[in-house]
Amino acid sequence: SYTQKEAGFKVETTEKILKVKMSELTYRIIKELKKEKIFEGNEEVILAETGVKLMSKVHQLCSGTVIFHSDKSQVIDYSKAEFIAREFKGMKVGIFYKFTAEYKALKEIYGDKLTNDIQEFKETDKSIALQIVSGREGISLKEAECLIYYNIDFSALSYWQSRDRMTTKDTITNLVYWIFAEKGIEDKIYKAVSKKKDYTLRHFKKDLLSL
């Protein structure tokens, strides 16, 4: 086996973290879940009665979506999708998302300028959005001007593999942008996975006090 450098891949990856202020509703739900382990809406309920569930719900909410106790999902905050569309306007980009509802948020903001089909991405000026796990292996996004992460996975493997989707022998530099919520959990996950460690419940319990 060879490293990318040994195989002729001379690439320098530059990563930048951009912070987004989420809606007051998002922060209010997170605060109540931390305190009460439950949030009741008009029609749906968010339950976080265990540490694992609380970690998952906070992770979802920091990107503006949530999976209710009924298993239905909903976009409750478009702040990240709007930020990406505004900051990268006119650019052909590759976006990685974690939860299915995040693609829905992006699609509602981008409309027909966004696809999840790799062939359409290669043949048009459309940007592409792929789920982190399904898009981290076996594809090239070299046509993208940069990679953008709507969310971050708990897995260190996902971090390293998906980050290299722009790498080819012709690539000199990769630009990777991480879109994190202000006062969110994502930068704490990033610190773990970038050091090749999965983000676990042990990390979350330690970080919870600062959220």
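Just so it is clear, the model here is predicted, and its values are computed rather than measured.

1. A word on the pattern of salt bridges
Tallying each qualifying case throughout the model produces nine salt bridges. Between glutamate 120 and lysine 126 there is a salt bridge, and its shortest N-O distance comes to 2.6 Å. Judged by relative accessible area, which is 28%, glutamate 120 ranks as partly exposed. Residue class for lysine 126 comes out buried when judged on its relative accessible area of 13%. A salt bridge links glutamate 143 to lysine 142; its shortest N-O distance comes to 3.6 Å.

2. Brief notes about a positive patch on the surface
A cluster of like positive charges, contributed by Lys191, Lys195, Lys197, Arg202 and Lys206, occupies part of the molecular surface. Mapping lysine 195 onto the fold places it in the loop between α8 (186-193) and α9 (201-207).

3. Digging into α8
Where burial is concerned, most of α8 is hidden: seven out of the eight residues are buried. Among the residues making up α8, those that are buried are Glu186, Asp187, Lys188, Ile189, Tyr190, Ala192 and Val193.

4. Observations concerning unusual backbone geometry
In this structure, lysine 37 is a non-glycine residue whose phi angle is positive, near 70°. Although it is not a glycine, lysine 196 sits at a positive phi angle of roughly 65°. Along the chain, lysine 196 turns up in the loop between α8 and α9.

5. Re the packing of aromatic side chains
Using the criterion set out here, one finds eleven aromatic pairs in the structure. For the pair tyrosine 159 and tryptophan 178, a centre-to-centre distance of 5.6 Å together with 25° between the ring planes defines the contact as stacked. Taken together, the residues tyrosine 159 in helix α7 (residues 156-163) and tryptophan 178 in strand β10 (residues 173-181) connect sequence positions 19 residues apart. Judged by relative accessible area, which is 0%, tryptophan 178 ranks as buried. Three or more aromatic residues joined by ring pairs make a cluster, and in this case those are Phe96, Tyr149, Tyr159, Trp160, Trp178, Phe180 and Tyr190. Looking at lysine 98, its charged tip hangs above the ring of phenylalanine 99, at a distance of 5.8 Å from the centre. Taking the ring centre of tryptophan 160 as reference, the NZ or CZ of lysine 196 above it sits at 5.3 Å.

6. Considering the side chain of asparagine 151
Looking at where asparagine 151 falls in the secondary structure, it is placed in the loop between β9 (147-149) and α7. Taking the relative accessible area as the measure of exposure, asparagine 151 reaches 0% and is therefore buried. Only 3.1 Å separates the side chain of asparagine 151 from the side chain of histidine 59, close enough to count as a polar contact. Sequence-distant contacts of asparagine 151, that is, excluding residues within four places in its chain, are made with His59, Ser63, Phe96, Lys98, Phe99, Glu102, Ile132, Trp178 and Glu186.

7. Here's the deal with the confidence of the model for the protein chain
As a note on interpretation, predicted positions should not be read in detail where pLDDT is low. On average, the protein chain scores 89 in pLDDT, and the residues at 70 or more come to 88%. Confidence drops under a pLDDT of 50 for residues 1-9, and excluding neighbours within four residues, the segment shows eleven contacts in the predicted structure.

8. Some thoughts on the packing of helix α3 (residues 79-87) against helix α4 (residues 100-110)
Orientation of α3 relative to α4, taken along the N-to-C sense of each, is 45°, at an axis distance of 9 Å. Compared by their axis directions, α3 and α4 come out oblique. Between α3 and α4 lies a crossing of right-handed hand. Facing Ala81, Glu82, Ile84 and Ala85 of α3, the residues of α4 in contact are Ala105, Leu106, Ile109 and Tyr110. Class assignment of the residues belonging to the contact of α3 with α4 gives a composition of seven nonpolar, no polar and one charged.

Conventions we followed
- Residues numbered from 1 in each chain as written.
- Predicted model: local features only at pLDDT ≥ 70, side-chain atom pairs only at ≥ 80, totals over all residues.
- Heavy atoms only, no water.
- Salt bridge = Lys/Arg side-chain N within 4 Å of Asp/Glu carboxyl O.
- Buried < 20%, exposed > 50% of the residue type's maximum accessible area, 1.4 Å probe, protein only.
- Patch = residues over 30% accessible without salt bridge, like charges linked within 9 Å, V, L, I, M, F, W, Y side chains within 5 Å.
- Areas by Shrake-Rupley, 256 points an atom, 1.4 Å probe, with all protein chains shown as cover.
- Lys, Arg positive; Asp, Glu negative; His and termini not counted.
- Charge placed at Lys NZ, Arg CZ, Asp CG, Glu CD.
- Helix = DSSP H or I, 4+ residues; strand = E, 2+ residues; numbered from the N terminus.
- Phe/Tyr/Trp six-rings, centres within 6.5 Å; stacked < 30°, edge-to-face > 60°.
- Lys NZ or Arg CZ within 6 Å of the ring centre and 35° of its normal.
- Polar contact = N/O pair within 3.5 Å; in protein donor to acceptor, adjacent residues only side chain to side chain.
- Contact = heavy atoms within 4.5 Å.
- pLDDT = per-residue confidence, 0-100.
- Axes fitted to C-alpha atoms, helices over the stretch in contact; angles between N-to-C directions.
- Parallel < 35°, antiparallel > 145°, perpendicular 65-115°, else oblique.
- Left-handed = near helix turned anticlockwise from the far one by under 90°.
- Nonpolar A, V, L, I, M, F, W, Y, C, P; charged D, E, K, R; others polar.

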